[in-house]
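# Structural overview
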Amino acid sequence: MSRNAAVARTGSEQALAAYQALRSRPGATFEQVADRLELTAEERERCRDELVSLGLTAFPVDTASLDTPSADAAPVVVEPDVALLRLLRRERDRLQERLAATSRAHTALEALAGPFLRAGATPRGEIEVEIVDDPRRIRCSLTNLTNSVRTAVHFMHTGSVRREELPGELALDRQWADRGIRIRAMYSRRAASVPEMAQHLEERAALGVEIRFASVVPMSMVLADENFALLPTDPHDPSSAAILARGPGLVRSYLALYEYCWTAAAPYGEEEAAEKRGDGLSEQQRAALLMLASGIKDEQIARNLGVSLRTVSRLLSEVMQELGAASRFEAGVKASRLGLLDAEGAERGI
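Residues numbered from 1 in each chain as written. Predicted model: local features only at pLDDT ≥ 70, side-chain atom pairs only at ≥ 80, totals over all residues. Heavy atoms only, no water.

### Looking at the pairing of strand 4 (residues 152–157)
The criterion, for reference: Throughout, exposure labels follow a simple rule: accessible area from a 1.4 Å probe, protein chains only, divided by the maximum for the residue type, with under 20% read as buried, over 50% as exposed, and the rest as partly exposed. Numbering goes from the N terminus for both helices and strands, where a helix is a DSSP run of H or I of at least four residues and a strand is a run of E of at least two. Two strands pair if DSSP finds at least two bridges between them. With strands facing away from the observer, any crossover in which the path from the first strand over the helix to the second runs clockwise is taken as right-handed.
A large share of strand 4 lies buried, amounting to six of its six residues. Inspection of the sheet shows strand 4 paired to strand 5 (residues 182–188) by six bridges, in the parallel sense. Bridge pairing in strand 5 links His157 to Tyr187. With helix 7 (residues 166–178) bridging strand 4 and the parallel strand 5, this β-α-β connection has right-handed handedness. Of the strand pairs in this sheet, strand 4 and strand 7 (residues 221–224) are connected by four bridges, and their pairing is antiparallel. Looking at strand 7, one finds that His154 is bridged to Leu223.

Quick look at the structure:
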């Protein structure tokens, strides 16, 4: 390859070229591949870091310097579908850690934020935080929100909405829809199993509300534009006091969390169609699916199950057919969305 061709490739394209070369040349070291691609020292370091961060390669450590990758040993090349599933699991763990840190921050805010803001240390036009334990104050704030929201409102529900609140929620949906407000609502998958809630969700969707389902919903939350947030001080206690936050300086952080959860959730129509998928999996098929998602190769799966490689291939083909997936990678993504890779999903057998 000429240097001009190598220069034409930048950033991720160089990392992709290096990854493809490593896959096509088993046993080759990264430096050998980099020499072939005529990468500079800076490009080599950037490509190596990108491949490691994506989980596509793992480099043996130099015994003389424990924090330096060995240049003389061939790196371990990971299949793309396995790397993505590992990345999804790692990001899910990070999300749980962030939620735990948020819960601890809420406790500190309850003791410090109110007095601090009232003292005028922070301009009220930029950020306001208030801890509210009076349900009437919370309802009043939501009423004011009804008239003040301008572009979008986002809901996150850990459980079903109370029966007496359903008509009022639909009335708000109609009012906001008439004003061109975007409405998004995220629910736990279990909410759709309640007949009354299933009917309510169908009516909300008919009004144009965007609905998604997730295996795990971290907390109840209401966000409006980038200026209003309502969420509990304790995500695990629905009866806990609420945090009312106003101002983009804080609300944008909660909106980023919402966007992350929204991306990982399944849209209403897809979830409804996929709800029964996975029910027909046998225990052996479930075990093969979990091992595949954990990055275990077919040979090890066969040894663990005490079956032949042909049987493993058949089991995974049956899993793909049951989940309506065209590839192992798609099967892993759908299994994650349906909760088949979660401990809770494995216990429920769904």
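Picking up after the structure, the text goes on.
### A closer look at the sheet that holds strand 10 (residues 266–267)
Note the threshold: The contact criterion used is simple: two residues touch if any of their non-hydrogen atoms lie within 4.5 Å. Angles here are taken between N-to-C directions and fall from 0 to 180 degrees, while the axes themselves are lines fitted to C-alpha atoms, restricted in helices to the stretch in contact.
If you walk across this open sheet you meet the eight strands as 3-9-8-7-4-5-6-10, and the pairing is mixed. One side of each edge strand has no neighbouring strand; the edge strands of this open sheet are strand 3 (128–132) and strand 10. As defined by bridge partners, strand 3 adjoins strand 9 (residues 242–246) across five bridges and the pair is classed as antiparallel. When the sheet's bridge partners are listed, Val132 is paired in strand 9 with Ala242. Across the sheet, helix 8 (residues 195–206) is in contact with strand 4, strand 5 and strand 6 (210–214); its angle to strand 5 comes to roughly 160 degrees. Running over the sheet, helix 9 (residues 248–264) touches strand 3, strand 4, strand 5, strand 6, strand 7, strand 8 (228–232), strand 9 and strand 10 and is turned about 65 degrees from strand 5.

### What to know about the nonpolar core
Convention followed: The set of buried Ala, Val, Leu, Ile, Met, Phe, Trp, Tyr and Cys residues whose side-chain atoms join them within 4.5 Å is what this entry labels a nonpolar core.
If you look at the biggest cluster of nonpolar residues, it comprises 25 residues, and the most contacted ones within it are Val153 and Tyr187. Mapped onto this core, the elements with two or more residues apiece are strand 4, helix 7, strand 5, helix 8, strand 6, strand 7, strand 8 and strand 9. A total of three residues in this core trace back to one element, the largest contributor, which is strand 5. Contacts of Val153, omitting those with residues within four sequence positions, involve Trp176, Ile181, Arg182, Ile183, Arg184, Val222, Leu223 and Ala224. In terms of nonpolar packing, the next biggest core, distinct from the first, is built from 23 residues, Leu95, Val217, Trp262 and Ala265 among them.

### A few points about the pattern of salt bridges
How we decide: Salt bridges, as used here, are contacts in which a Lys or Arg side-chain nitrogen is within 4 Å of a carboxyl oxygen on Asp or Glu.
Throughout the structure, instances matching the rule amount to 14 salt bridges. For Arg204, the salt bridge is made with Glu169, and the minimal N-O distance between the two is 3.6 Å. Placement of the pair is Arg204 in helix 8 and Glu169 in helix 7, with a sequence separation of 35 residues.

### Brief notes about the confidence of the model for the chain
What counts, and what does not: Confidence scores here are pLDDT values: one per residue, from the predictor, ranging 0 to 100.
Looking at the chain as a whole, its pLDDT mean stands at 78, while 81% of the residues score no less than 70. No element of the chain has a lower mean pLDDT than helix 15 (residues 343–348), which averages 42, and none a higher one than strand 4, which averages 91. Across residues 116–125, where pLDDT falls below 50, the model places seven contacts with residues more than four positions away in sequence or in other chains.

### A few points about the packing of aromatic side chains
What counts, and what does not: Aromatic rings from Phe, Tyr and Trp, with only the six-membered ring used for Trp, were paired whenever their centres fell within 6.5 Å, and each pair was classed as stacked if the ring planes differed by under 30 degrees, edge-to-face if by over 60, and tilted otherwise.
Counted under the stated rule, the structure contains four aromatic pairs. On the numbers, 6.0 Å between centres and 35 degrees between planes, the contact of Phe213 with Tyr268 is tilted. Placement of the pair is Phe213 in strand 6 and Tyr268 in helix 10 (residues 268–274), with a sequence separation of 55 residues. Take Phe213 and Tyr268: they sit in the same class, and that class is buried.

### Some words on helix 7
Rule in force here: Expected span, for any helix, means 1.5 Å times one less than how many residues it has. The arc refers to the directions leading from the helix axis to the C-beta atoms.
Relative to the 18 Å expected for 13 residues at 1.5 Å per residue, helix 7 spans 19 Å between its end C-alpha atoms, a close match to the ideal helical length. Within helix 7, burial applies to Leu166, Glu169, Leu170, Asp173 and Trp176. In a view along the axis of helix 7, the buried residues occupy a sector of 125 degrees, so they form one face of it. Those residues of helix 7 that are exposed and aimed more than 90 degrees away from the buried face are Pro167 and Asp178. Of the surrounding elements, those touching the buried residues of helix 7 are helix 6 (135–148), strand 4, strand 5 and helix 8. Among the residues trailing helix 7, Gly180 stands out with phi positive, at a value near 80 degrees.

### Let's talk about the side chain of Glu169
Owing to a relative accessible area of 11%, Glu169 belongs among the buried residues under this scheme. Once residues lying within four places of it in the same chain are set aside, the contact partners of Glu169 are His157, Val161, Tyr187, His200 and Arg204.

### A short note on the pairing of strand 6
With four of its five residues buried, strand 6 lies for the most part within the structure. Judged from the five bridges that link them, strand 5 and strand 6 form a sheet pairing that is parallel. By the bridge assignment, Arg184 is partnered in strand 6 with Glu210. Where the polypeptide runs from strand 5 across helix 8 and back to strand 6, its parallel neighbour, the crossover connection is right-handed. When strand 6 meets strand 10, the two strands line up antiparallel, connected through two bridges. Counted as the bridge partner of Phe213 is Ala266 from strand 10.

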